[in-house]
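Notes for the structure review
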Amino acid sequence: MQLQAHGRALGRAAAPRQRHALFKMPLYVGTAAELGLKPAAAAARASSKSRGVRCAVTAEKQGLPWQAAMSEIKKRRDIKTIMIIGAGPIVIGQACEFDYSGTQACKSLKKEGYRVILLNSNPATIMTDPGVADRTYVGPMTPELTEQILAKERPDAILPTMGGQTGLNLAKTLAERGILSKYGIELIGAKLPSIDRAEDRELFKQSMTRIGLKCAKSATANTLEEALTIAADIGRYPIIIRPAFTLGGTGGGIAYNIDELKEIVTGGLTASMTSQVLVEQSLLGWKEFELEVMRDLNDNVVIVCSIENVDPMGVHTGDSITVAPAQTLTDKELQRLRDASIAIIREMGVECGGSNVQMAVNPDDGEMMIIEMNPRVSRSSALASKATGFPIAKMAAKLAVGYTLDQIANDITQKTPASFEPSIDYVVTKVPRFAFEKFPGSKAELTTMMKSVGEVMAMGRTWQESLQKALRGMETGLDGWGLPKNYKRLPKDQLMYKLRVPNPDRIFILFQAMEEGLTNAELFDLTKIDPWWLAQLRELFDITAWLKGKKVQELTAEEMQWVKSKGYSDAQLARYCGSSLMEVRSIRKALGVIPSFKRVDTCAAEFEANTPYMYSTYDGNSECAPTNERKVLILGGGPNRIGQGIEFDYCCCHASFSLRKQGFETIMMNCNPETVSTDYDTSTRLYFEPITVEDVLNVIEAERPEGIIVQFGGQTPLKIAMDLDRALKANPIPAASGNGNVRVWGTSPESIDIAEDRDRWMELLTKLDIRQPAGGSARSEEEAFKKANGLGYPVMIRPSYVLGGRAMEILYNNDDLKRYVTFAVEVDPERPVLIDKYLDRAVELDVDALCDVEGNVTIAGIMEHIEQAGIHSGDSACSLPTQSIPANVLDTIRAWTVSIAKELKVVGLINIQFAIQDDTPYIIEANPRASRTVPFVAKAVGHPIAKYASLLMSGKTLKEINFTEEPIPSHVAVKEVVLPFAKFPGADTLLGPEMRSTGEVMGIDKDFAAAFAKAQIAAGQRLPKTGKVFLSMADKYKPDIINIARDLGNLGFGLVATTGTAMALRAAGVPCESVFKIQEGRPNPMDLMKNGEITLVMMTSTGDEADLRDGKELRRTALSQSIPIVTTVAGAKATTAALRAIRAGPLVQIPLQDFFPDYFDDSLDLMLKS
Amino acid sequence: MQQLQTRQCSGRTAASYGVADLHAPCSRQVVTPPLVARVSGRRVASGAAPAFRSTGGRARSVAVRASASASPFPKKDARLVLEDGSVWHATAFGARGTEIGEVVFNTSLTGYQEIMTDPSYKGQFVAFTCPHIGNVGINNEDMESSKCHLGAIIVRDLSCVVSNYRSKMSLDEYCKKENVIGLANLDTRALTKVLRETGCLVGVVTTDSSKSDAELVQMAKSWTIVGKDLLSVVSCTEPYEWGKGTSDEWEFNPRVKAHKEHFHVVAYDFGIKTNILRRLASYGCRITVVPATYPANEVMKMNPDGIFFSNGPGDPSAAPYAVDNAKFILGKKPVFGICMGHQVLGQAFGGKTFKLKFGHHGGNHPIRYVPTGRVEISAQNHNFAVDPATLPEGVEVTHVNLNDGTCAGMVYPSKKAMTIQYHPEASPGPHDADICFEQFVDMMKAERAAAH
């Protein structure tokens, strides 16, 4: 009906143009004007002009058609200032892909000459570098505080589609509250109605019905009762629950029975911004597809990429292994999805930009159902961009200001327009990475709620090759598709369960299943994974079986080539054929089997493309065409994970920018599709490859750079630094530039090893006479008890063979230790545990310093942690400059930093952690590499320290780059973290020595209290102005809480405390109500929380069993009720200060440029130019 | 001989049982050389029958690689030799023998079946840049003509399994049935780059090891597609009627329902794609399909509402009779030409055609519809193009290929003629240009209205 109406309208519009009465508009569409879209005048002008234009191009080509069109650019000139909203802190479901998209948007809008205002609370992003935008606000993203910015900056338009769900939700609120109309601000890219239509499940379904598309049977519920009625109406479990307006499906799930339904619906209603959940018929077992669609203001639509999920419906697409292009559709079926996507983007009214449409297809009869669409740039668009070379975010930004697709050149070919659909001649596989091990208590199962924390993408000429590459890039101990080392075989019943219920390990559990003799038909019945994928895996399984009976020396060149083209890594061959990695490598090279590097060109080789974007494969000729310039290879950080995320990508990108500026060619190597580093214009050349010794050596041999930078990518490149160093020393490779041999730049891998190896590290500290907490290692349970008692409790314990705080715990007594050695970690001579005296109530400091080749050291920043030592530094809020450390202690720390850096001969960055107990400093650890804090420090002190570090590595001195003095700002910057507990039901929310935060925010202001308040608000804490504060402190903290409680009382908060705490408070003269602990009776704090009386919770853990049970429950309740919760005394103190600051007057948003008026970063010019 | 038997066995198995999970009976063998011929037809049959039920007939394995003799990996037992002297080794599937043709690449990601059955590919070998081909097998509905016209297909990776609910046979089986040589495990990207740089090349594919490379190069050099009349080869020999539109299940354009009037169209068959007939029929046309050489005056005697000139293979200049017929008809009735029909009408208008360097073959080319500035994504398959500079006054170029600026569509209002160089019927490819059929129908409608 809708379409016919258009048709009539078109007929009328076309009538006056007599000469063209013969031709009507193409299918479904009219021009922008006819559809009521923006640049009506421009569209009319274009068509009237083009009427006279005769096609100029003949057999002899003269000029390119899109260039001709460039003269009629419809760019918006009524807009001068555009505000871009970032995505805020990294959370599950919203990772650094929005730094990628936001940076792209800032870049292209600035290049177009617009004034760009940026708001993003996340300091670890490239886009918040002063210089990327004209005014950069790193602070809270609440509607109130955003309005402040709008009032001050008066942007003409807001581009809300680059900041994920956060950006869209903020824009929606601003629009609904009338703030946008108040200041006359236009939303570009997506309008309010289309945001609503896509997000509101009911509206979405109505829209789909209108255009004749089907959605799963479902209805929206606002209450549990409604949900139950709908479920009864659907009539069959399982039933899917999806909350409205949440990202990554937070609060959603699959219910197999009525109890689960009640549980999930209750959680979902709370999680949803609008207290709505969709109760939906399950399409479990259907195939899932995604299409990336782009539309311009002239109503041209293209499909950038089709993506097929290997995991069928039931697993969130972010948690699925996904493949581009779709493999199991005939053309008719694919075109059906394409037609639907186009109809949807039109119906939803996404006037321009990128969208993502997800659909399910019934494998038995091809029936299609629409699942959802996102009217914005998404994680999938980042993936599609990297997979095809079509830069969706960049294009979307241009389209938002009026360009049409045919007016923009294809970034890759530069000869053809962007109004085309990429064709690819390789297969792309994305594999998600999970962090369940960090959240004991939560089930490692996959549902419709996204739980992965990162992802790896790999390209190969076949799916098998790309899957194997992706799996070895995961850094989870896999060297390809197969069973991991030390795999514990599952008993039959568990095997069947794990095949049936999606989980992170299912992909290699399939291997065990094949070993156990399950047929593909049986596997299909269990997993519903399409037989096509299973058959491909089966082929790999057979090759693996064949390989296991072979010696690597027996392989012929032809066989080796074939095996490699199936994606097998040298490490796999070594494992299967009983050899070593380097031996396989030399045998393989002797057979002449080396990788070829192919280019990503968007057009399947149809047109010439010189885009410096390569992937390796074992197929025919190499296209990488390396130069003989001075080059440096930068190794990226691989997949995001907890403890290693966007911060390291920030460092890698900065290294690339500054070295390019210095005249080097930079070569980036990484396998994370979400990042800015894997943008093909960040570096001179990009190799989209896993970061393993084999793959890095392959790139080194192809490119022969002068230097390799390993210290910016976090643990990933560091782990292989020693092996690379050894390989390069054993077989020196002359650099292509003729300037010596290829070598690792910066701090030597040897020094890195000293810092990592406990014995060598102790030796160094003894030599330098630096104090550290007493401790040692234990190789048996008995020894552990002896050591712990010798040191005196509390002690910090951790296994020696893992990194990143994994299984690290603070133990308070022998019982704890007994539990630890019994349940958590086995102790044996092979795997010792490290036991250190725990510095109770100590303050922790983080120091970042820069060092040059001449041994000069400049401290870049000293941060004081808010949470006490013992909380992982990555989970602690911190302040720069320090707030409570005496000057003499800081002096000692500075002196120690310098001597350690000199002793380790650090070149580049070093991060050292100290603990201060009763004004006595101790060293905790040193990492001679870029740390997580680098971007925060850079933004707090106004110096691009990652850039400085890369220059130092290239041989410059601190003097040459003019950074010889520690900058101590007169303002205060506070970093706060965000934690993903809401995604892991069943896990406790207490902070501890194991890092679990996914992202961070920054607050910056003139004093600590205001900066801390900003950071808290930015991190999503709803700091209350009234209400009651619930206090429950362990005995040892009771004295500390008295002043805090008094302050809170003075601020007008009511106080409620558990019996013991209440007694202590009353004894000190602080009046308070008391409440029962859960085990004591009712009303208990849970009741008060649920009744909305309590607005802030401050509770520490006693660590005993009652707390593990009741305390955890209270903390989870607070979390689900969105009541801010503070679990440390230091945090309580800082929070109270923040509450006071808020009370004193409104917080003021200040752009970074005001703090650093002289900040000039010339390498950003280069980024804007490219 | 042994190889051949295995192939036949597996072929028959898959055809008669619907599914052949080759791996099923073997997976317990831990050390099994993969891909060797290790299954007898009978074992597959007995092992596969239950599998058929549990997978609903969607999955079927193909035994191409399993036939590759003692070596565990597929043997490169076939060659593609190009006229530039290059020799490409590959694994054979489908039919055996030697074949000569022009090598073209196609960048479509889907629709190999439609491409293979498109008569326009007569005399050509198609190399697919999409690496996995054969994934969805061959079904009965997606045929663009009754047989496979191209001489050989060249793929990077022949799918070892077929997975699609509509599939009736595997690609390998189909190639055998249609006597088409298949080449797998060939770097089609490298081949595409050669074709892109040197232009279309004549090539010879062979599974015959007795022929020397030099001999084959000579063969390739001595052949050309230019000037060959392939239209009459692929055309029907007797006129026939067609009235079946796109089935309800696959109809994608709600506007076809608005067309209530019926028209009679005579379609010149230069190798017409079935989907053109279906689309015309969906818009209410009854079509009389006539052979390429059918006299124009006979056509006029049928007094149709419009005349259609179809797509077809090869060089338009090689079919002067088609141009003459078009000239005779022009101005008398509304006419519409697609692809070859566009080129024939271009010549009938008085224009000239020329050969493109490597042609357009794919499903992602942007076309600007000049009157509105709108961009359509189109399905393309042609090697020749009309030179707009040679067209007489009164002909307008309405469609432009944005990749290289070539003429992609014309309208000659005074002669009631419209033409489209690419494939509005899609199949395979996007449906963006379906409007063209409606425009033709509207032309006929206007003509009918004017006559009354």
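What counts, and at which threshold
Residues numbered from 1 in each chain as written. Chains lettered and ligands numbered in written order. Predicted model: local features only at pLDDT ≥ 70, side-chain atom pairs only at ≥ 80, totals over all residues. Helix = DSSP H or I, 4+ residues; strand = E, 2+ residues; numbered from the N terminus. Rg over C-alpha atoms; globule rule 2.2 N^0.38 Å. Buried ≥ 20, exposed ≤ 12 C-beta atoms within 10 Å, placed from the backbone. Contact = placed C-beta atoms within 7 Å. Pairing = 2+ DSSP bridges. Axes fitted to C-alpha atoms, helices over the stretch in contact; angles between N-to-C directions. Domains from an automatic or database assignment. pLDDT = per-residue confidence, 0-100.

**Remarks on the overall build of chain A**
Scanning chain A from N- to C-terminus turns up 40 helices and 39 strands. Scaling as 2.2 N^0.38, a compact globule of 1170 residues should have a C-alpha radius of gyration of about 32 Å, and chain A matches this with 30 Å. Within the span of chain A, comprising 1170 residues, buried residues form 62% of the whole. Contacts spanning at least 24 positions in sequence make up 72% of the contacts within chain A whose residues lie at least 6 apart.

**Quick notes on the sheet that holds strand E10 (residues 181–184) of chain B**
Residue and element names in this part refer to chain B. Read once around its circumference, the closed barrel built from 7 strands follows the order E2-E3-E10-E7-E5-E4-E11, with strand pairing classed as mixed. With strand direction ignored, the average angle separating the axes of adjacent strands in the sheet is 35°. Relative to strand E11 (residues 201–206), strand E2 (residues 78–82) runs antiparallel, the two sharing 4 bridges. Within the sheet, the bridge partner assigned to Val81 lies in E11 and is Val204. Against the sheet, helix H4 (residues 171–178) engages strand E3 (87–94) and E10, with an angle of about 90° to E3.

**Considering the domain arrangement of chain A**
Each domain of chain A was delimited in the assignment, giving domain 1 (2–70), domain 2 (217–282), domain 3 (473–590), domain 4 (623–745), domain 5 (774–830) and domain 6 (1024–1123). Taking the mean C-alpha position of each, domain 3 of chain A and domain 6 of chain A sit 53 Å from one another.

**Brief notes about the confidence of the model for chain B**
Residues and elements named next belong to chain B. Mean pLDDT over chain B: 84, with 84% of residues reaching 70 or higher. The low-confidence segment residues 1–58, where pLDDT is below 50, has 122 contacts with residues more than four positions distant or belonging to other chains. Confidence drops under a pLDDT of 50 for residues 60–71, and excluding neighbours within four residues, the segment shows 49 contacts in the predicted structure. Interface scoring of the predicted complex returns ipTM 0.88; its pTM is 0.90.

**Remarks on unusual backbone geometry**
Note that the residue after Tyr793(A), namely Pro794(A), is joined by a cis bond; omega there is -5°. A cis amide bond links Leu880(A) to the next residue, Pro881(A), at an omega of 0°. With respect to the helices and strands, the residue Pro881(A) is situated in the loop between strand E30 (878–880) and helix H30 (887–903). Here Lys528(A), not a glycine, exhibits a phi torsion of approximately 60°, which is positive. You can see Lys528(A) is positioned in the loop between helix H18 (520–527) and helix H19 (531–548). Overall, the presence of 18 C-beta atoms within 10 Å leaves Lys528(A) in the partly exposed class. You will see that Ala426(B), though not glycine, has its phi angle at about 55°, which is positive. Relative to the helices and strands, Ala426(B) resides in the loop between strand E21 (417–420) and helix H12 (435–451).

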